[in-house]
Each structure stands twice: as C-alpha cells, then as structure tokens.
Amino acid sequence: MSNGGFMSHALACELSNRIAAIASVTGSIDKDRMPFCDPQHNTPVMQIHGTADETVPYDGNFEFLPVDSVVSYWVKQNHCDATPEFTEVRILLPSIYVLLNIMFTVVAIKTHMWNYLKL
C-alpha cells in the first residue's frame, strides 16, 4: 500500500523498459518526480484509492499529486478515451472506473486500509 503505490508509479515512469503494468493502492506520484516521468510505452495502470484517505489524501498535498491528476496523466500517456466506463460492483467496491489501459477504483472510506472490506 501507499509506499508501494508510489514506488509502482515511479517504476512505470523511470524504468518502463522493465515494467509491463502497475497496480497502486493508495499511492500517488511525488511532485518532484513528475518531471522525470517518461514511460517508453503504454503502461496499463490499476489505481485504487479511498476518497477520504487521511494518510495519503485523495486531493494530494504539497508533496504529491492529487489522484485525479495521476489518473489523468496515465489516461493521456496511454492514449485512452477520457470518458470513463462505469461498472458497479456492489459486493466488493462501490464503483470501478475502467479506462481501456487504466482501471481506476475509488472507494469512499475514511481509513487508509482497504482490507476491511467484507465479501
């Protein structure tokens, strides 16, 4: 989670010749790393983030980008349609946004943890 999510984005940005796809849970991209983000190919991304996460705020902070900005970056980088396709999955998560090469899951929870979900 979070640190691994940040690392996933960094690897996709800076070592894309070795990274095929990433999944980030509660991660973002550090603002100071963004200028160095230069993937050499389309990189499928799965981003899972709670809208009320207080540890890694969904809207970002002075240190890292808002989650919407991260997703928008990958949508543009991967030449995806900017109009999301919505699929409701009530058993596990409230909604999943699928953007061709990007899957973006938003969970309206206050906790930084996601393993509390019950099947």
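If you're wondering where the values come from, they're calculated on a predicted model, not measured in any experiment. Note that residues are indexed from 1 along each chain, following the sequence as it is written. Residues qualify for local features only when their pLDDT is at least 70, as the model is predicted, and side-chain atom pairs are given and counted only at 80 or more; totals for whole chains, interfaces and linings, by contrast, use all residues. Excluding hydrogens and water, the side-chain values take into account all heavy atoms of the structure.

Draft legend 1. Fine view of the overall build of the protein chain. A tally of regular secondary structure across the protein chain gives two helices and five strands. A helix here means a DSSP run of H or I that spans at least four residues, while a strand means a run of E at least two residues long, and both kinds are numbered starting from the N terminus. Tracing the protein chain from N to C terminus, the helices and strands come up as α-β-β-α-β-β-β. Counting only residues that meet the buried cut, the protein chain has 43% of its 119 residues in that class. Here the contacts in the protein chain between residues at least 6 apart in sequence split such that 54% fall between residues at least 24 apart. Three labels apply to residues, based on accessible area from a 1.4 Å probe with only protein chains included: buried if under 20% of the type maximum, exposed if over 50%, partly exposed otherwise in between. Throughout, a residue-residue contact means that at least one pair of heavy atoms, one from each residue, lies within 4.5 Å.

Draft legend 2. Up close: helix α2 (residues 67-77). Along α2, the positions that sit buried rather than exposed are V67, V70, V71, Y73, W74 and V75. Positive backbone phi, at 55 degrees, marks H79, one or two positions downstream of α2.

Draft legend 3. Fine view of the pairing of strand β2 (residues 45-50). With five of six residues buried, β2 lies mostly within the body of the structure. A strand pair is defined by DSSP finding two or more bridges across the two strands. Relative to β2, strand β1 (residues 22-25) runs parallel, the two sharing four bridges. The partner of S24 across the bridge, within β2, is Q47.

Draft legend 4. Looking closely at the state of the cysteines. Here, the term disulfide refers to a pair of cysteine sulfur atoms separated by no more than 2.5 Å. The tally for this structure, following the rule as stated, stands at one disulfide. The disulfide partner of C13 is C37, and the S-S distance across this bridge is 1.9 Å. Handedness here is read from the sign of the S-S torsion; for C13 and C37, about -70 degrees, the answer is left-handed. Taken together, the positions of C13 in helix α1 (residues 3-14) and C37 in the loop between β1 and β2 put the pair 24 residues apart, joining distant regions of the chain. On the accessibility criterion, C37 (11% relative accessible area) is buried.

Draft legend 5. Molecular detail of the pattern of salt bridges. Criterion for a salt bridge: a side-chain nitrogen of Lys or Arg within 4 Å of a carboxyl oxygen of Asp or Glu. In the structure shown here, the tally under the stated rule is one salt bridge. When the shortest N-O distance is used, the salt bridge between R33 and E14 registers 3.0 Å. Residue R33 is located in the loop between β1 and β2, and its partner E14 is located in helix α1; the two are separated by 19 residues in the primary sequence. Take E14: its relative accessible area is 37%, and that puts it in the partly exposed class.

Draft legend 6. Quick look at the nonpolar core. To form a nonpolar core, buried Ala, Val, Leu, Ile, Met, Phe, Trp, Tyr and Cys residues must be joined to one another through side-chain atoms within 4.5 Å. Counting twelve residues, the largest nonpolar core consists of A12, C13, I19, I22, I29, M34, C37, V45, L65, V70, Y73 and W74. Those elements that place two or more of their residues in this core are α1 and α2. Sort the elements by how many residues they give to this core and α2 lands first, with three residues. Residue contacts for I19: discarding those within four places in its chain leaves L11, A12 and H41. In terms of nonpolar packing, the next biggest core, distinct from the first, is built from five residues, Y58, V67, V75 and C80 among them.

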